[in-house]
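Analysis of the macromolecular model
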Amino acid sequence: QQQVKQSPQSLIVQKGGISIINCAYENTAFDYFPWYQQFPGKGPALLIAIRPDVSEKKEGRFTISFNKSAKQFSSHIMDSQPGDSATYFCAARGNYKLTFGKGTLLTVNP
Amino acid sequence: NAGVTQTPKFRVLKTGQSMTLLCAQDMNHEYMYWYRQDPGMGLRLIHYSVGEGTTAKGEVPDGYNVSRLKKQNFLLGLESAAPSQTSVYFCASSQTSVPAGEQYFGPGTRLTVT
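Residues numbered from 1 in each chain as written. Chains lettered and ligands numbered in written order. Predicted model: local features only at pLDDT ≥ 70, side-chain atom pairs only at ≥ 80, totals over all residues. Heavy atoms only, no water.

There is a patch of nonpolar side chains on the surface, built from A:Ile18, A:Ile20 and A:Met78 and spanning about 240 Å² of accessible area. For A:Ile20, the position within the fold is in strand β3 (residues 19-25). (Patch = residues over 30% accessible without salt bridge, like charges linked within 9 Å, V, L, I, M, F, W, Y side chains within 5 Å. Areas by Shrake-Rupley, 256 points an atom, 1.4 Å probe, with all protein chains shown as cover. Salt bridge = Lys/Arg side-chain N within 4 Å of Asp/Glu carboxyl O. Helix = DSSP H or I, 4+ residues; strand = E, 2+ residues; numbered from the N terminus.)

Right, dumping it as structure tokens:
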């Protein structure tokens with residue numbers, strides 16, 4: 001049973017464009033929603049995270065939007081750069097553990 | 001401060017062989033985790049530990065065992081490797097004050113079972 005559904009699987013964006021990744025969850029007990037960035041050959045690293053009592057959080061070019069009633073959250077990367085090319089994972093926390101989405105491979109063309 | 005380290009970085013096993021993957025963290029974190037990452041599958045939790053001497057099963061524990069004898073180390077064992085265990089394995093740790101919040105990941109171990 002996939003508890004966190006992430007889309008799209010892959011995304012190609014032109015430099016300067018907006019990258020949008022969507023996630024949906026099923027378990028209403030989840031209480032924390034982080035996003036991780038992973039470059040090839042490296043471990044994932046935390047980018048930004050949000051709690052369900054906040055509808056939006058922005059850090060630099062990265063924004064998370066959260067819709068508790070719809071059980072959905074999304075990330076926006078503004079002014080996407082070639083250096084943002086990586087795999088992005090959304091996740092949800094419950095009972096000491098994180099459940100990850102399957103990931104989105106983002107390619108930003110120069 | 002090395003963060004989370006994993007050894008070895010690469011390993012090739014034959015079916016039926018055994019091995020142990022070592023994870024070490026120098027951040028005094030209570031929580032530690034082992035994940036496997038397969039193409040198109042994201043990160044799946046194998047086992048985790050909420051403190052020294054404790055272990056618990058995650059989403060995909062079959063075929064693996066773990067031990068947390070020291071707070072800074074978390075070992076993942078494969079007793080009889082199978083080709084289905086070919087994967088990239090990541091260890092992670094997190095602080096007590098934010099359980100399973102910000103997890104810090106190691107660089108990974110790429111395991112191939114032939």
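For the rest of this paragraph, the subject is the layout of surface pockets. Of the volumes computed, that of the largest pocket is approximately 580 Å³. Lining of the largest pocket is provided by 28 residues; of these, A:Gln38, A:Gly41, B:Gln37, B:Val88 and B:Arg110 occupy positions nearest its centre. Secondary-structure elements contributing two or more residues to the lining of the largest pocket are β9 (86-94) and β11 (104-109) of chain A together with β4 (31-38), β9 (87-94) and β11 (109-113) of chain B. At three residues, the largest contribution of residues to the lining of the largest pocket is made by β9(B). (1 Å grid on protein atoms, 1.4 Å probe; cavity = no way out; pocket = protein on both sides within 12 Å on 5 of 7 lines; lining within 4 Å. Points joined across faces, edges and corners; volume = space filled by probe spheres on them.)

What follows covers empty space enclosed by the protein. In this approach, a probe sized like a water molecule rolls over the atoms, and the result shows the empty space that is left. Residue and element names in this part refer to chain A. The final tally for this structure, using the stated rule, is one cavity of 30 Å³ or more. Here the largest cavity is characterised by a volume of approximately 50 Å³. For the largest cavity, the full set of lining residues is Trp-35, Leu-47, Ile-48, Phe-62, Thr-63, Ile-64, Ser-75, Ile-77 and Tyr-88. Within the residue set of the lining of the largest cavity, elements represented by two or more residues are β5 (45-50), β7 (62-67) and β8 (72-77). Ranked by residues supplied to the lining of the largest cavity, first place goes to β7 with three residues.

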